[in-house]
Amino acid sequence: MTPGPGKTATPTRPGTRSESLLAWFRTNRRPLPWRVRPDPYRIWVAEVLLQQTRVAQAVPYYERFVARFPDLRALAGAPRSEVLRAWQGAGYYDRARRLHEAARCVARDRGGRIPGTVEELEQLPGVGRYIARAVASLAYGVPAVALEANGLRVAARWTREEADPRTARARARLEAALARELPPSSPGPFNEAIMELGETICLPEAPRCPACPVSFGCRAYRELDDPASVPRRPAGRHRPHLRAAVVALTERGRWLVQRRPPGGLLGDLWEFPGGRIEPGEAPAHAARRELREETGGTVRRLAPAGVVRHGYSHFTVELHVFRGISGSRRPVTGRTRRWATPDELRRLPLPRATEKIVDRLNAPDRPSPGSGSRRGRTTVSRRPASRRRPGRALRRGTAPSGGRSRARR
Ligand code: SF4
């Protein structure tokens, strides 16, 4: 295995990947309440809760639930309404209903003993592949690999799985790969350790590889510049799409710009006023409305200047850009909103999307309906290419914007 660019071979290799993982887990294992006095019932309850809830959020719900229903018989004997009440706040109430139903099945058909094989567990209401394997391995030491989202991510990075690990084929490949190194004497701790690694070290966006006990055996780390690129994001990952209107308002050769609040997305960068287009609203109407609501000013001679599209890490946006001349009511200006000459604008830090808008405004003869000739237009000085710098958010790895805080573009 050749180390990736800029990486060195891990000098010491304490053992196999599973040995190193288990050694790390023994000293870094968090004292979570379902680990304190584990039994099949508590492990089951915890795994059901953790299906849709992060560990830190799940703890109080788990404690409340097992305090109210300390064992399977207590749960099975309780009315549904009480079970749901004890689950209150944890969300996804169907999980509680199915757990309750399954507990009743176990109490009625199995004398209250939770089954110990993957196959039997999978027969119970609400028990799928992962929970069956987790309960069987953690509670009964069955040698089964149990991979939830964290475990899938870790396994995908170890093996450099190219496909989406949530697909049945990729999951089967990952389970098979890990089954080959599953220690027969401790399958439960192995499964728990992988999840723990995924929750605390092998994070989705920024894995802490230098702190990872198994980096020596991780293909994503050894072979790629960016281990976080595995697993590959599904092609169809949905990013919300927003529509917003932006007004490039001019007055005596200056442009109205405003600074975004510090600390938030694109904090302290400057942009043109604007905001989200409401459903069913015409872009020009949104432009006038947003300008008025945001700055107190009005606009005359509003003319469309095209559409700028931009992608952020978590959403995409189309910005309907308008040129406008300041109307009878002037915008309120101050520390965070001002008129800027083209030269001043050139020196202000702008989000990438606003830079795109500036480019659009400067584009030669890009006529838009009703815009007429370019005579009298204010041209925005654009930062020379060599002096351009990405917006602060871009440097942070998030996407930039170009408008009003309400729309958070
Ligand atoms: S080396 Fe990095 S990517 Fe690989 S398992 Fe460890 S934390 Fe995850």
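Residues numbered from 1 in each chain as written. Predicted model: local features only at pLDDT ≥ 70, side-chain atom pairs only at ≥ 80, totals over all residues. Heavy atoms only, no water.

Chemist: Is there a simple way to explain the site of the ligand in this structure?
Modeler: In the vicinity of the ligand, the contacting residues are Arg 157, Trp 158, Ile 201, Cys 202, Pro 207, Cys 209, Cys 212, Ser 215, Cys 218, Tyr 221 and Pro 227. Looking at the shell around the ligand, its residues break down into 9 nonpolar, 1 polar and 1 charged. (Near = heavy atom within 4 Å. Nonpolar A, V, L, I, M, F, W, Y, C, P; charged D, E, K, R; others polar.)

Chemist: Would you explain the confidence of the model for the protein in this entry?
Modeler: Should the pLDDT be low somewhere, the predicted coordinates at that spot are not to be read in detail. Per-residue confidence for the protein gives a mean pLDDT of 84, with 83% of residues at or over 70. The lowest-confidence element of the protein is helix 17 (residues 392-396), averaging 27 in pLDDT; the highest-confidence one is helix 5 (residues 72-77), averaging 98. Throughout residues 8-13 the model reports pLDDT below 50, and contacts reaching past four residues in sequence, or to other chains, amount to 8 contacts. Low pLDDT, under 50, characterises residues 381-409; the stretch is placed with 111 contacts to residues that sit more than four places away or in other chains. (pLDDT = per-residue confidence, 0-100. Helix = DSSP H or I, 4+ residues; strand = E, 2+ residues; numbered from the N terminus. Contact = heavy atoms within 4.5 Å.)

Chemist: Whenever I open this one, the nonpolar core confuses me. Can you help?
Modeler: Looking at soluble globular proteins, one finds that nonpolar side chains tend to be buried together. Counting 43 residues, the largest nonpolar core has Trp 44 and Phe 65 as the members making the most contacts within it. Secondary structure elements with two or more residues in this core: helix 3 (40-50), helix 4 (55-68), helix 5, helix 6 (80-87), helix 7 (93-109), helix 8 (118-121) and helix 9 (129-140). Looking at this core element by element, the count peaks at 7 residues for helix 3. Beyond its immediate sequence surroundings of up to four residues, Trp 44 is in contact with Leu 72, Leu 99, Ala 102, Ala 103, Val 106, Ile 114, Leu 124, Val 127, Ile 131 and Val 135. Formed by 29 residues, the second largest nonpolar core is a distinct cluster that contains Phe 190, Ile 194, Tyr 221 and Val 230. (Core = buried A, V, L, I, M, F, W, Y, C linked by side-chain atoms within 4.5 Å. Buried < 20%, exposed > 50% of the residue type's maximum accessible area, 1.4 Å probe, protein only.)

Chemist: Is there a simple way to explain unusual backbone geometry in this structure?
Modeler: The phi angle of most residues is negative, glycine excepted, and most peptide bonds adopt the trans form. Here Val 230 and Pro 231 are connected by a cis peptide whose omega angle stands at -5°. If you trace the backbone, Pro 231 turns up in the loop between helix 13 (219-223) and strand 1 (241-251). Not every positive phi belongs to a glycine, and Arg 252 is a case in point at roughly 45°. Looking at the secondary structure, you find Arg 252 in the loop between strand 1 and strand 2 (254-259). A positive phi is found at Arg 301, a non-glycine position, where the angle reads about 55°.

Chemist: Can you help me understand helix 7 in this one?
Modeler: For an α-helix, the turn length of 3.6 residues means that residues three or four places apart are oriented alike. The end-to-end C-alpha distance of helix 7 is 24 Å, a good match for the 24 Å that 17 residues give at a rise of 1.5 Å each. Turning to helix 7, its buried residues number three or more, namely Arg 95, Ala 96, Leu 99, His 100, Ala 102, Ala 103, Cys 105 and Val 106. Contacts made by the buried residues of helix 7 are with helix 3, helix 4, helix 5 and helix 6. Once helix 7 ends, the next one or two residues include Gly 111, with phi positive near 65°. (Expected span 1.5 Å × (residues − 1).)

Chemist: It is not clear to me how the pairing of strand 1 should be interpreted in this structure. Could you clarify?
Modeler: The side chains of a regular strand alternate, first on one face of the sheet and then on the other. Most of strand 1 is tucked away: 9 of the 11 residues are buried. As paired elements, strand 1 and strand 6 (residues 316-326) share 10 bridges and run parallel to each other. Bridging across to strand 6, Ala 244 finds its partner in Leu 319. Bridge count for strand 1 against strand 4 (residues 274-276) is 3 bridges, and the pairing is antiparallel. Bridge pairing links Val 246 to Gly 274 in strand 4. Pairing analysis gives 2 bridges linking strand 1 to strand 2, with the strands arranged antiparallel. (Pairing = 2+ DSSP bridges.)

Chemist: Whenever I open this one, the environment of Arg 171 confuses me. Can you help?
Modeler: Turning to its location among the elements, Arg 171 is positioned in helix 11 (residues 168-179). In this structure, the C-alpha to C-alpha distance between Arg 171 and Leu 147, residues 24 residues apart in sequence, is 8.4 Å. What Arg 171 contacts, discounting residues up to four positions off in sequence, is Arg 129, Leu 147, Leu 152 and Pro 165. Among the polar contacts made by the side chain of Arg 171, one reaches the main-chain carbonyl oxygen of Leu 147 at a distance of 3.2 Å. (Polar contact = N/O pair within 3.5 Å; in protein donor to acceptor, adjacent residues only side chain to side chain.)

Chemist: How should the packing of aromatic side chains be read in this particular structure?
Modeler: Aromatic rings considered in pairs are described by the distance between their centres and by the relative angle of their planes. Tallied over the full model, the rule gives 4 aromatic pairs. Geometrically, the ring pair formed by Trp 34 and Tyr 62 is edge-to-face, given 5.2 Å between the ring centres and 80° between the ring planes. Highlighted residues: Trp 34 in helix 2 (residues 33-36) and Tyr 62 in helix 4, separated in sequence by 28 residues. One exposure class covers both Trp 34 and Tyr 62, and it is buried. An angle of 90° between the planes, with centres 5.3 Å apart, marks the rings of Phe 65 and Trp 87 as edge-to-face. In this pair, Phe 65 sits in helix 4 while Trp 87 sits in helix 6, placing the two residues 22 residues apart along the sequence. (Phe/Tyr/Trp six-rings, centres within 6.5 Å; stacked < 30°, edge-to-face > 60°.)

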